Amino acid sequence: SQQGEEDPQALSIQEGENATMNCSYKTSINNLQWYRQNSGRGLVHLILIRSNEREKHSGRLRVTLDTSKKSSSLLITASRAADTASYFCATDFGGYSTLTFGKGTMLLVSP
Amino acid sequence: EAGVVQSPRYKIIEKKQPVAFWCNPISGHNTLYWYLQNLGQGPELLIRYENEEAVDDSQLPKDRFSAERLKGVDSTLKIQPAELGDSAVYLCASSLGEGVEDNEQFFGPGTRLTVL
């Protein structure tokens, strides 16, 4: 079963705009990770946020985590056409190092 | 440094035929994972290895699926016989191993299986 649920399922924006994707999960986690998957390619790790962190930045990426609401958001600023991909959140319960992925958000960035 | 290598990239077979996928993890990574990804879905874990030991195979359909990781390096995932519903992308990933904080997983490009 898939614990994380991303919202929205699909998002279409213009280059230069910001893109925000949300992820909700059901049980306590050790950390939450975001991955990107381009069409026909494997997943690439973007950023990890631990359960005791509230916000993290990496380049044009900003991730927030609200453990009380069991939710996370991924913000991509100043989007580019190359950001077009599917984005997945994955929760890590700790201990056994197994990730549980959501269904993903498909992001389309038009030039 | 080479990433996770998988082969073949694509495979088309008829139902009831056997099929095998191969994965070579990143050198030094003790943990290896096989995931199944259906269209429009996120990856779902099939099996996880710590070195040569399968420590989590609870989601592996053992009636038709099997996996091995001899010598704790390369791994093979097999389906016999394949069914139409097995059409999906099979992803392999590796990570340093248990006990490592922020145990990031590195994914291969996957094998896209089509069962006709």
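## Comments concerning the interface of chain B and chain A
Phase 1 of the analysis: Counting residues at the interface gives 22 residues for chain B and 21 residues for chain A.
Phase 2 of the analysis: Each partner contributes to the roughly 1700 Å² buried at the junction of chain B and chain A, and carbon and sulfur atoms together form 44% of this total.
Phase 3 of the analysis: Scanning the region where chain B abuts chain A turns up zero salt bridges.
Phase 4 of the analysis: Connecting chain B to chain A are four residue pairs in polar contact (both at pLDDT 80 or more).
Phase 5 of the analysis: Among the elements of the structure, strand E4 (31–37) and strand E5 (44–50) of chain B are those that each provide at least two residues to the side of chain B that touches chain A.
Phase 6 of the analysis: Class assignment of the residues belonging to the side of chain B that touches chain A gives a composition of seven nonpolar, seven polar and eight charged.

## Quick look at the pairing of strand E6 (residues 55–58) of chain A
Residues and elements named next belong to chain A.
Phase 1 of the analysis: As paired elements, E6 and strand E7 (residues 61–66) share four bridges and run antiparallel to each other. In the strand pairing of E7, Glu-55 is matched with Thr-64.
Phase 2 of the analysis: In textbook terms, the turn of a hairpin is the stretch between consecutive antiparallel strands, and for E6 and E7 this stretch comprises two residues, one of which, Gly-59, has a positive phi near 60°.

## Brief notes about the sheet that holds strand E3 (residues 19–24) of chain B
Strands in a sheet are paired, the pairing made by backbone hydrogen bonds, and the direction either parallel or antiparallel.
Residue and element names in this part refer to chain B.
Phase 1 of the analysis: Spatially, four strands are ordered E1-E3-E8-E7 in an open sheet, and the strand pairing comes out antiparallel. The outermost strands of the open sheet, each flanked by one partner alone, are strand E1 (5–7) and strand E7 (65–68). This sheet shows a mean twist of 15° between the axes of neighbouring strands, independent of strand direction.
Phase 2 of the analysis: Pairing analysis gives five bridges linking E3 to strand E8 (residues 75–79), with the strands arranged antiparallel. Paired with Cys-23 across the bridge in E8 is Ser-75.

## Examining the pairing of strand E5 (residues 43–50) of chain A
Residue and element names in this part refer to chain A.
Phase 1 of the analysis: Within E5, six of the eight residues are buried, leaving the element largely enclosed by the surrounding structure.
Phase 2 of the analysis: The pairing of strand E4 (residues 31–37) with E5 spans seven bridges and is classified as antiparallel. Bridge pairing links Trp-34 to Ile-47 in E5.

## A look at the state of the cysteines
All names here are of chain A.
Phase 1 of the analysis: Under the counting rule described, the total for this entry stands at two disulfides over all chains.
Phase 2 of the analysis: Two residues share a disulfide in this structure: Cys-23 and Cys-89, whose sulfurs sit 2.0 Å from each other. Here the S-S torsion is close to 65°, and the disulfide linking Cys-23 with Cys-89 is therefore right-handed. In this pair, Cys-23 is assigned in strand E3 (residues 19–24) and Cys-89 in strand E9 (residues 85–92), connecting sequence segments 66 residues apart. Neither Cys-23 nor Cys-89 differs from the other in exposure class; each is buried.

## With respect to the environment of Glu50(B)
Residues and elements named next belong to chain B.
Phase 1 of the analysis: Here Glu-50 lies in strand E5.
Phase 2 of the analysis: Along the primary structure Glu-50 and Gly-72 are separated by 22 residues, whereas in three dimensions their C-alpha atoms are 7.8 Å apart.
Phase 3 of the analysis: At a separation of 2.9 Å, a polar atom in the side chain of Glu-50 contacts the side chain of Thr-31.
Phase 4 of the analysis: At a separation of 2.6 Å, a polar atom in the side chain of Glu-50 contacts the side chain of Arg-48.

## As for the pattern of salt bridges
Residue and element names in this part refer to chain A.
Phase 1 of the analysis: Under the defined criterion, the tally for this structure stands at eight salt bridges over all chains.
Phase 2 of the analysis: With its nearest N and O atoms 3.1 Å apart, the salt bridge here joins Arg-62 to Glu-55.
Phase 3 of the analysis: Here Glu-55 falls in the partly exposed class, since its relative accessible area comes to 41%.
Phase 4 of the analysis: Each of Arg-50, Glu-53 and Lys-56 takes part in a single network of salt bridges with overlapping partners.

## Here we look at the environment of Ala2(B)
Phase 1 of the analysis: Among the structural elements, Ala2(B) can be located in the segment before E1.
Phase 2 of the analysis: Linking Ala2(B) and Ser27(B), residues 25 residues apart in sequence, is a C-alpha distance of 8.2 Å.

Cut-offs and rules
- Residues numbered from 1 in each chain as written.
- Chains lettered and ligands numbered in written order.
- Predicted model: local features only at pLDDT ≥ 70, side-chain atom pairs only at ≥ 80, totals over all residues.
- Heavy atoms only, no water.
- Contact = heavy atoms within 4.5 Å.
- Buried area = accessible area lost by both parts, 1.4 Å probe.
- Salt bridge = Lys/Arg side-chain N within 4 Å of Asp/Glu carboxyl O.
- Polar contact = N/O pair within 3.5 Å; in protein donor to acceptor, adjacent residues only side chain to side chain.
- Helix = DSSP H or I, 4+ residues; strand = E, 2+ residues; numbered from the N terminus.
- Nonpolar A, V, L, I, M, F, W, Y, C, P; charged D, E, K, R; others polar.
- Pairing = 2+ DSSP bridges.
- Axes fitted to C-alpha atoms, helices over the stretch in contact; angles between N-to-C directions.
- Buried < 20%, exposed > 50% of the residue type's maximum accessible area, 1.4 Å probe, protein only.
- Disulfide = S-S within 2.5 Å.

All we've got here are geometric facts, nothing functional implied.
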